[in-house]
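Fold and geometry: a report
These are the residues of each chain, in order.
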Amino acid sequence: MKTSVDDIKATAKLLLSSNDRKNYNSIVKLVGQYSHLQLAEKVQFAEQEPTARCLTVSLYQVFRKLFFRGQLNPSKATTDKEKLFFQWCRKAYGSFKSKLLHCISSLPFESSLALDCLDVYMKLIEQEAIFFASQDGAPFFPNKTLKALIRALLESNIPGSIDATDGQSKSAVIQEFSEKYYQKFVDVQYYFQAELVQLTADGDLDQLDNTQLMAKWLCIMNHDNHYCNENADLEVFVAQPPQAIENEGQYKSNLEKNWLQFLNLRGLPGTQYKTTLLILHKRVIPYFQTPTKLMDFLTDSYDLGDDVLSLLALNGLFELMRKYNLEYPNFYEKLYQLITPSLMHVRHRSRFLRLTDLFLSSTHISVNLVASFIKRLARLTLDSPPAAIVSVIPFVYNLIKKHPTCMIMLHDPDFVANPFADANELAQLKSRKSQYVDPFDMNESNPENTHAIDSSLWELESLTSHYHPNVATLAKIFSQPFNKHNYNMEDFLDWSYDSLLQAEMSRKLKILPALEFEERGAPLGDYVKLVEW
C-alpha cells in the first residue's frame, strides 16, 4: 500500500520522538515503499519523485537517530534479547542502503532523486565511521559500504550519457560523486582505489559495457586534485580515518592497477583514447609507481592509425623517455612517418608542430635526423595552403638556429662562386649546378637514411615567388643573415585562410599600389568588346 508524504512525515516524527520499540515495525513499512516506485517509467516516476525524496530524507533521519541510540551495533548489546533487536535494526538498515543503491544504479534517466540518494548514502558512511568503530574514537573507514556504492555507480547506465567530444560520462550522479566527494577527500580517494582493485579482481565489472565504464572512470579521474599532488587541497571525509591512508606507495599501486585495467578494455572509441592520451603526461604518469608499464598502451595507441592519437601517444612515450629513462629507439622514426601531405590540411597541424618542436629540442640528436625533418616539411610546403606554410617556415628557421650544422642545406660552399675564381672554376661550378640531382629520398621511412643533409632547401627558395605576399615575404628570411634568435611559434601556428584574408584586408598601405593603363587610351570599340568578353 502506497503511503503519502504526510503519512511518511508523521511516521518519521513518531520514530524520532519516541524510543518505544513497538513503533519500529513502521521502519520496515517505510523501507518497503521503495518497491512501489516506477523507476523505468519516466512520466509515472515524475509523479512519485517528491514522495520518494521525502521517504529518503525521513528514513535517513530515523536511522541517524538509531545510530545515536546505539541500536545499529549488535556488539554493544548487553543481553541476548537486546542483541536480537539490534540485529533486526541492522538488517532494516542494510535494506535501506540497498534501496538507495538501487535508485542510484537503476534509474534509466537523469533524476535529482539519484543525487539525493548519493548524498544520503555518503552521510551514512560518515555515521558508520563514528558508530561502527571498534571503540569510541577509534580510527575506522567503512570501506565495504563504499565498495557497494562504487559498484552501483559503475553499474548505472543512462542512455546518451557519454559526451561525444571527449568520451566522458555526463551522468549527473557520476559528476556529483567526483566533484563533491572524490576530488575533495583524501580518504575517499584512497579507499575508492583500493576497493575498485578488489571489484575488478572479483570480476564484478566483467559484464558491464566497456565504453560506459571508461566514460565514468575518465569523469572521476580527469582532474588535478589527486592524492599525491602536492598542490592538491584535500581534507578527510570521516572523523577518524585509519593511518593506512598515509601509505602513498599503496595508493599509487592501486591507482596503477586500476588505470591499467581500464586502459586494457576492448572496443573503446577514439574519443576516449584521445582524452586519455591528452591527460596522460600530467594526470596519470606522475602518479604511477612504474610509469613505463604504460608503454604497451601507448604503442598500441600509435598503431591505431589515427594521426592525432599517434601523435598524442608519442607525446606520452617522450615523457617516459625524458623523465623515466624509457628506451624506445623507434620514437623518431614513428614521428617522422606522421609527416604526410594530409598533415598540412588538418586541424591538429598546430599541435603536431608544437610537440615536434619539443621532441627536436635536444641538441643530442643526430644532424641527419634533424635534416630529414626539415627537408620533409620543406618538401610538403610545395603543395600546402598558405596557412600551413606560414607555420612551417619559422619552425624550420628555429630548427636550423638550434642545429647550426644544418646550415649547409642553405649555404653549401661547393655551389657558391668564389669571387676570385677563374673561368675554369666558374665553368665547373656551372656544370655542377646543371647536373645537380636532389639526393633526398622522400620515400625512406627511417630519417637517418634519407640523405637530407646532402640536399638543399630549394623548396624554400621557390616560396619567395609564392602567390601569397605573406608567404613570399616570410620565405625571404632564409636569404638574409641569421641574426634573429628565433621565432615565437605561437604567433604562427593558428593562422588560417580566414585570418590571412582578414590580415590583408585590414592592412594599412603606406604606398598606393601602381596601376597599369594605356597612356593614350585604347579605341572605344575595343574597350566595349573587352567588357563584353
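The structure contained in this document is the topic of the report that follows. Just so it is clear, the structure is predicted and the values come from calculations on it, not from any experiment.

1. Structural notes on the overall build of the protein chain
When helices and strands are counted, the protein chain shows 22 helices and zero strands. Computed over its C-alpha atoms, the radius of gyration of the protein chain comes to 35 Å, more than 25% above the 24 Å expected for a compact globule of 533 residues. Its C-alpha atoms put the protein chain at 120 × 65 × 40 Å along the principal axes. For the protein chain, the proportion of its 533 residues judged to be buried stands at 46%. Across the protein chain, every contact between residues at least 6 apart in sequence was considered, and the portion connecting residues at least 24 apart equals 75%.

2. Comments concerning a nonpolar patch on the surface
A contiguous nonpolar patch, built from Leu-382, Tyr-436 and Trp-458 and spanning about 270 Å² of accessible area, is present on the exposed surface. Position of Tyr-436 relative to the elements: it lies in the loop between helix H18 (423-434) and helix H19 (458-462).

3. Quick notes on the packing of aromatic side chains
Using the criterion set out here, one finds 34 aromatic pairs in the structure. Stacked on the ring of Tyr-336, the Lys or Arg Arg-376 has its end atom at 4.8 Å from the ring centre. Here the basic side chain of Lys-484 rests over the ring of Tyr-487, its NZ or CZ set 4.9 Å away from the ring centre.

4. A closer look at the pattern of salt bridges
For the structure on display, the rule yields 21 salt bridges. Between Arg-21 and Glu-82 there is a salt bridge, with the nearest N and O atoms lying 3.9 Å from each other. Here Glu-82 lies in helix H4 (residues 80-106) and Arg-21 lies in the loop between helix H1 (5-17) and helix H2 (25-32), a separation of 61 residues in the sequence. Owing to a relative accessible area of 39%, Arg-21 belongs among the partly exposed residues under this scheme. Judged by relative accessible area, Glu-82 falls into the buried class, the value being 19%. With a shortest N-O distance of 3.2 Å, Glu-319 and Arg-322 are connected by a salt bridge. Taken as a pair, Glu-319 and Arg-322 lie in helix H13 (residues 307-324) at a separation of three residues, close to a single helical turn. A residue is classified by how much of its surface remains accessible, and Arg-322, at 46% relative accessible area, is partly exposed. What emerges from the salt-bridge pattern is a single network uniting Lys-375, Arg-379, Asp-438 and Glu-459.

5. Considerations on the side chain of Asn-398
Counting through the fold element by element, Asn-398 comes out in helix H17 (residues 386-402). Side-chain polar atoms of Asn-398 contact the backbone nitrogen of Tyr-487, separated by 2.7 Å. If near-sequence neighbours (up to four positions away) are discounted, Asn-398 is found in contact with Asn-486, Tyr-487 and Met-489.

6. Details of H17
The end-to-end C-alpha distance of H17 is 25 Å, a good match for the 24 Å that 17 residues give at a rise of 1.5 Å each. Among the 17 residues of H17, 15 are classified as buried, and the element is accordingly described as predominantly covered.

7. A look at the side chain of Glu-128
For Glu-128, the position within the fold is in helix H5 (residues 112-131). Setting aside chain neighbours within four positions, we find Glu-128 in contact with Phe-67, Tyr-93, Lys-97, Ala-133, Phe-140, Pro-142 and Thr-145.

8. Regarding the packing of H4 against H5
In a packed pair of helices, the relevant descriptors are the angle between the two axes and the axis-to-axis distance. Interhelical geometry of H4 versus H5 gives an angle of 145° and a closest axis separation of 8 Å. Two packed elements cross with a definite hand, and for H4 against H5 that hand is left-handed. Here H4 contributes Tyr-93, Phe-96, Lys-97, Leu-100, Leu-101, Cys-103 and Ile-104 to the contact with H5, which in turn contributes Leu-113, Ala-114, Cys-117, Leu-118, Val-120, Tyr-121, Leu-124 and Glu-128. Taken together, the residues of the contact of H4 with H5 sort by class into 13 nonpolar, no polar and two charged.

Calculation rules
Residues numbered from 1 in each chain as written. Predicted model: local features only at pLDDT ≥ 70, side-chain atom pairs only at ≥ 80, totals over all residues. Heavy atoms only, no water. Helix = DSSP H or I, 4+ residues; strand = E, 2+ residues; numbered from the N terminus. Rg over C-alpha atoms; globule rule 2.2 N^0.38 Å. Buried < 20%, exposed > 50% of the residue type's maximum accessible area, 1.4 Å probe, protein only. Contact = heavy atoms within 4.5 Å. Patch = residues over 30% accessible without salt bridge, like charges linked within 9 Å, V, L, I, M, F, W, Y side chains within 5 Å. Areas by Shrake-Rupley, 256 points an atom, 1.4 Å probe, with all protein chains shown as cover. Salt bridge = Lys/Arg side-chain N within 4 Å of Asp/Glu carboxyl O. Phe/Tyr/Trp six-rings, centres within 6.5 Å; stacked < 30°, edge-to-face > 60°. Lys NZ or Arg CZ within 6 Å of the ring centre and 35° of its normal. Polar contact = N/O pair within 3.5 Å; in protein donor to acceptor, adjacent residues only side chain to side chain. Expected span 1.5 Å × (residues − 1). Axes fitted to C-alpha atoms, helices over the stretch in contact; angles between N-to-C directions. Left-handed = near helix turned anticlockwise from the far one by under 90°. Nonpolar A, V, L, I, M, F, W, Y, C, P; charged D, E, K, R; others polar.

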